[in-house]
Amino acid sequence: MVRKDKATEERKGLYFDIICGIVNSILALIGIIFSTLIYGIRDVTNFYIGLTVCISYLGFSIFLIFIGIYTKQKERKHGIISKKKKKRELKPPIVS
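Residues numbered from 1 in each chain as written. Predicted model: local features only at pLDDT ≥ 70, side-chain atom pairs only at ≥ 80, totals over all residues. Heavy atoms only, no water.

Further remarks concern the overall build of the chain. Check the secondary structure of the chain and you find two helices and zero strands. Counting every position in the chain, which comprises 96 residues, the buried fraction comes to 16%. Summarising the internal contacts of the chain: among those between residues at least 6 apart in sequence, 69% fall at separations of at least 24. Only carbon and sulfur atoms are counted for the fraction: they give 67% of the accessible area of the chain, which is about 8900 Å². (Helix = DSSP H or I, 4+ residues; strand = E, 2+ residues; numbered from the N terminus. Buried < 20%, exposed > 50% of the residue type's maximum accessible area, 1.4 Å probe, protein only. Contact = heavy atoms within 4.5 Å. Areas by Shrake-Rupley, 256 points an atom, 1.4 Å probe, with all protein chains shown as cover.)

A few words on helix H2 (residues 44–78). Look at H2: 50 Å from first C-alpha to last across 35 residues, which is about the 51 Å you get at 1.5 Å a residue. Buried residues of H2: Phe47, Leu51, Cys54, Leu58, Ser61, Ile65 and Gly68, and no others. (Expected span 1.5 Å × (residues − 1).)

This part covers the nonpolar core. With nine residues, the main nonpolar core is built from Ile18, Ile22, Leu29, Ile32, Phe47, Leu51, Cys54, Leu58 and Ile65. Where this core is concerned, the elements lending two or more residues are helix H1 (2–39) and H2. Ranked by the residues each element gives to this core, the list is headed by H2, at five residues. The contact partners of Ile22, leaving out residues within four places of it in the chain, are Leu58, Ser61, Ile62 and Ile65. (Core = buried A, V, L, I, M, F, W, Y, C linked by side-chain atoms within 4.5 Å.)

Another aspect to go through is a nonpolar patch on the surface. Taken together, the side chains of Ile19, Val23, Ile26, Leu27, Ile30, Ile33, Phe34, Leu37, Ile38 and Tyr39 make up a nonpolar region of the molecular surface, amounting to roughly 1100 Å² of accessible area. Phe34 sits in the exposed class, given a relative accessible area of 54%. (Patch = residues over 30% accessible without salt bridge, like charges linked within 9 Å, V, L, I, M, F, W, Y side chains within 5 Å. Salt bridge = Lys/Arg side-chain N within 4 Å of Asp/Glu carboxyl O.)

Now for the environment of Ile19. Relative to the elements of secondary structure, Ile19 occurs in helix H1. Along the backbone, Ile19 and Ile65 are 46 residues apart, and their C-alpha atoms lie at a distance of 8.1 Å.

See below:
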């Protein structure tokens, strides 16, 4: 049981890191858009590089969250976490 608790704690830490990454990349996108609206685009290359990095980081973080949710559902359905009922032993009918 200790192993399952350790895995749960590691997964919670991973989810926290990913959510912080999503918030971080969204704030970076807002900052890029806000500074673009106020100051305009001075260097097109740097603007596109920054925008591409932020969008790809956001997409990667969301992808990792979906992978985590998928594996958690899979574990709940088929893995260690599910509480399966013991199958009853079937007895053959009595034939006279």
